[in-house]
Amino acid sequence: MNEETAIGSALQETLAAHFKWFHSHPELGHHERETTARIRNILMDAGVKILDTGLKTGLVARVGGGEMVVALRCDIDALPIAEATGLDYASKNGCMHACGHDFHLTSMLGAAMLLKQRESRLMGAVKLIFQPAEETVNGAISVLASGVLDDVAEIYGLHTAPDMPVSMIGVSPGAVYAAVGSFTIRIHGKGGHAAHPHECRDPIVALSQIIGAAQTIVSRQTSPFDSAVLSFTHVESGNTWNIIPEEAFAEGTIRAFGTDRFNAIMERLARVCKGVEETSGIQIDFQCELNAPAVNNDAELVEFVKRTAQELGFKTVPSSQTMGGEDFAFYLERIRGVFWNIGVASPEPAHNPRFVANPAALDTASALLASIAEKSLKRLRSIE
Ligand code: NI
């Protein structure tokens with residue numbers, strides 16, 4: 001075993017132990033108190049500076065210094081899922097790291113340790129973001145609002161890919177995660193006896209017309225080359241067989257690869273609601289909001305990440321596009337960057353109670369994060 005491999009395996013051992021602790025102590029978004037305290041302690045033990053951001057949970061650390069700044073980002077929150085993996089380090093608190101955020105944050109801790117070792121040769125500063133509340137899609141906004149990223153020139157982040165072999169890197173230019181939004185429809189009809197429908201304003205019929213007409217928005221009004229999703233996921237009205245209810249409620253989601261396309265679908269659904277309101281004479285309130293824009297990778301920096309990964313011996317493939325959302329998108333609206341995937345060979349997909357991120361690649365994920373930060377500073381200095 002040469003010296004570098006020995007250091008590598010010692011780091012892997014340290015990181016695997018940290019990973020198991022974080023996995024068995026999952027906390028939901030904005031409640032990551034123990035997680036944050038643990039991250040803070042590990043970073044302080046490694047001599048890494050923690051910045052004063054005012055964040056309630058999560059933190060931002062810094063290695064190196066100077067005017068040129070790049071950022072690495074991981075997320076730290078878990079999901080309200082009862083774990084069913086049977087792992088000896090499984091969570092028992094009813095929450096679960098079922099999206100691999102424990103893997104992300106542990107590999108970032110490894111990257112912080114590696115960057116600390118190389119601090120004297122860094123050509124600028126690396127800010128390491130341990131972001132809270134990714135699953136609720138508002139953690140990134142709180143980090144941006146703190147102003148801590150105002151001087152950042154480039155930003156990079158990673159996400160586990162359950163369906164790829166351990167250590168394989170998936171990275172592609174352009175939109176890789178969808179713009180995601182949610183809508184609600186509230187229908188205020190007039191209730192009455194089911195035997196006298198003509199005396200009522202039936203909200204159930206109005207809602208069924210909306211749901212039926214909405215099925216043509218993606219299938220008939222959107223180009224087949226523009227992928228999109230419009231799903232009704234929750235419908236409620238009435239409570240028995242012989243009463244026409246007063247109200248009906250529905251909610252759902254719209255997803256598309258770009259805010260323009262998202263907005264176009266939202267406007268068409270609004271028009272459907274308006275049309276049914278006019279023909280039925282029933283008041284319909286439609287609300288829709290964009291929760292997160294699409295994750296849009298910078299094409300030039302994707303090539304840089306790919307090269308860096310290949311130099312470290314990683315196999316790279318194009319990342320698969322997903323209709324899932326990711327609040328890394330908010331950083332990319334302000335800062336150039338890349339969000340890439342790393343294979344963790346899980347038997348089940350993310351957000352499943354049997355999701356398992358294989359921790360074997362923690363040290364190599366750390367090495368890649370550290371190299372990307374170090375080399376991007378070097379590249380930025382050379383083009384200054
Ligand atoms: Ni995730």
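Visitor: Help me understand the overall build of the protein in this model?
Guide: Counting secondary structure elements, the protein contains 9 helices and 16 strands. For the C-alpha atoms alone, the extent of the protein along its principal axes is close to 85 × 45 × 40 Å. Within the protein, the proportion of its 384 residues that are buried is 53%. Long-range pairs, those at least 24 residues apart, make up 81% of the contacts in the protein with a sequence separation of at least 6. Per element, the accessible surface of the protein, about 17100 Å² overall, is 51% carbon and sulfur. Each charge sign in the protein was given a centre, from 32 positive and 45 negative side chains, and these centres are 4 Å apart.

Visitor: Where do I start with the coordination of the nickel ion in this structure?
Guide: Angles between donor atoms at a metal ideally measure 109.5 degrees for a four-coordinate tetrahedral arrangement and either 90 or 180 degrees for a six-coordinate octahedral one. Every protein donor of the nickel ion is listed here as Cys-99 (SG), His-101 (NE2) and His-159 (NE2), and their distances to the metal cover 2.2 to 2.3 Å. When the donors of the nickel ion are listed by position in the chain, the intervening gaps give C-x1-H-x57-H. Taken together, the positions of Cys-99 in the loop between β3 (69–75) and α3 (101–117) and His-159 in strand β5 (residues 154–161) put the pair 60 residues apart, joining distant regions of the chain. Its relative accessible area of 9% is what places Cys-99 among the buried residues.

Visitor: Is there a simple way to think about the domain arrangement of the protein in this case?
Guide: How big an interface is tends to be stated in terms of the accessible area lost upon association of its parts. Domain boundaries in the protein define domain 1 (9–176 + 294–382) and domain 2 (179–292). Centre-to-centre separation of domain 1 and domain 2, based on C-alpha positions: 38 Å. At the interface, 11 residues of domain 1 touch 11 residues of domain 2. With both chains or domains summed, domain 1 and domain 2 bury close to 830 Å², and 73% of this area falls on carbon and sulfur atoms. Applying the counting rule to domain 1 against domain 2 returns 0 salt bridges. Between domain 1 and domain 2 we count 1 residue pair in polar contact (both at pLDDT 80 or more) in total. Looking at the side of domain 1 that touches domain 2 residue by residue, the classes come out as 6 nonpolar, 4 polar and 1 charged.

Visitor: Help me understand the sheet that holds strand β13 (residues 283–292) in this model?
Guide: The strands that make up a sheet are held in pairs by hydrogen bonds between backbone atoms, and each pair lies either parallel or antiparallel. In spatial order, the strands read β10-β12-β8-β13; together these 4 strands make up an open sheet with antiparallel pairing. Each edge of the open sheet is held by one strand with a lone partner, namely β10 (228–237) and β13. Pairwise comparison of adjacent strand axes, ignoring direction, gives a mean angle of 15° for this sheet. Here helix α6 (residues 259–280) sits on the sheet and contacts β8 (179–188), β10, β12 (247–256) and β13; the angle it forms with β13, its principal contact strand, is near 170°.

Visitor: Help me understand the pattern of salt bridges in this model?
Guide: Where side chains of opposite charge bring their charged atoms close, a pairing between them can arise. Considering all chains together, one arrives at 15 salt bridges under this definition. One salt bridge connects Arg-121 with Glu-374, and the closest N-O pair in it is separated by 2.8 Å. One end of the pair, Arg-121, is in the loop between α3 and β4 (125–131); the other, Glu-374, is in helix α9 (residues 362–382), with 253 residues separating them in the sequence. Given the relative accessible area of 14%, Glu-374 is considered buried.

Visitor: I would appreciate a short explanation of the sheet that holds strand β2 (residues 59–64) in the present structure.
Guide: The strand order across the open sheet formed by 8 strands is β1-β2-β4-β3-β5-β16-β6-β15, and the pairing between neighbours is mixed. Each edge of the open sheet carries a strand with a single partner, namely β1 (49–50) and β15 (316–317). Where strand β6 (residues 169–170) and strand β16 (residues 336–343) come together, 2 bridges link them in antiparallel fashion. Paired with Gly-170 across the strands is Asn-341, a residue of β16. In the packing of α9 onto the sheet, the strands contacted are β3, β4, β5, β6 and β16, and the crossing angle to β5 comes to about 160°.

Visitor: I'm lost on the environment of Asp-163 in this one. Help?
Guide: Mapped onto the elements, Asp-163 comes out in the loop between β5 and β6. Spatially, the C-alpha atoms of Asp-163 and Ala-345 are 5.6 Å apart, while their sequence positions differ by 182 residues.

Visitor: Got a minute to help me understand the packing of helix α2 (residues 33–45) against α3 in this structure?
Guide: The geometry of a pair of packed helices is captured by two quantities: the angle between their axes and the separation between those axes. At their nearest, the axes of α2 and α3 sit 10 Å apart, and the two run at 20° to each other. In terms of axis orientation, α2 runs roughly parallel to α3. In the packing of α2 onto α3, the handedness of the crossing is right-handed. Residues Thr-35, Ile-39, Ile-42 and Leu-43 of α2 touch α3, and the partners they reach there are Leu-105, Leu-109, Ala-112 and Met-113. By residue class, the composition of the contact of α2 with α3 is 7 nonpolar, 1 polar and no charged.

Visitor: For this particular structure, what's the right way to read the nonpolar core?
Guide: For soluble globular proteins, nonpolar side chains are generally found buried alongside one another. The biggest cluster of nonpolar side chains holds 63 residues, and the ones touching the most others in it are Leu-43, Leu-72, Leu-128, Phe-130 and Trp-340. Contacts of Trp-340, omitting those with residues within four sequence positions, involve Tyr-156, Gly-157, Leu-158, His-159, Ile-169, Gly-170, Val-171, Val-305, Leu-368, Leu-369 and Ile-372.

Visitor: Looking at this structure, how should I read the packing of aromatic side chains?
Guide: How two aromatic rings sit relative to each other is set out by the distance from centre to centre and by the angle between their planes. Throughout the structure, instances matching the rule amount to 8 aromatic pairs. With centroids separated by 5.3 Å and ring planes inclined at 90°, the aromatic side chains of Trp-21 and Phe-22 adopt a geometry described as edge-to-face. When its relative accessible area of 1% is taken as the criterion, Phe-22 is described as buried. In this structure an aromatic cluster arises from ring pairing among Tyr-177, Phe-328, Tyr-331 and Phe-339. Over the ring of Trp-21 we find Arg-38; its NZ or CZ atom is 4.1 Å from the centre of that ring. Across the ring face of Phe-304, the terminal group of Arg-379 is positioned such that the distance to the ring centre comes to 4.3 Å.

The rules behind each value
- Residues numbered from 1 in each chain as written.
- Predicted model: local features only at pLDDT ≥ 70, side-chain atom pairs only at ≥ 80, totals over all residues.
- Heavy atoms only, no water.
- Helix = DSSP H or I, 4+ residues; strand = E, 2+ residues; numbered from the N terminus.
- Buried < 20%, exposed > 50% of the residue type's maximum accessible area, 1.4 Å probe, protein only.
- Contact = heavy atoms within 4.5 Å.
- Areas by Shrake-Rupley, 256 points an atom, 1.4 Å probe, with all protein chains shown as cover.
- Lys, Arg positive; Asp, Glu negative; His and termini not counted.
- Charge placed at Lys NZ, Arg CZ, Asp CG, Glu CD.
- Donors = N, O, S within 2.8 Å, 3.2 Å for Na, K, Ca; no water.
- Domains from an automatic or database assignment.
- Buried area = accessible area lost by both parts, 1.4 Å probe.
- Salt bridge = Lys/Arg side-chain N within 4 Å of Asp/Glu carboxyl O.
- Polar contact = N/O pair within 3.5 Å; in protein donor to acceptor, adjacent residues only side chain to side chain.
- Nonpolar A, V, L, I, M, F, W, Y, C, P; charged D, E, K, R; others polar.
- Pairing = 2+ DSSP bridges.
- Axes fitted to C-alpha atoms, helices over the stretch in contact; angles between N-to-C directions.
- Parallel < 35°, antiparallel > 145°, perpendicular 65-115°, else oblique.
- Left-handed = near helix turned anticlockwise from the far one by under 90°.
- Core = buried A, V, L, I, M, F, W, Y, C linked by side-chain atoms within 4.5 Å.
- Phe/Tyr/Trp six-rings, centres within 6.5 Å; stacked < 30°, edge-to-face > 60°.
- Lys NZ or Arg CZ within 6 Å of the ring centre and 35° of its normal.

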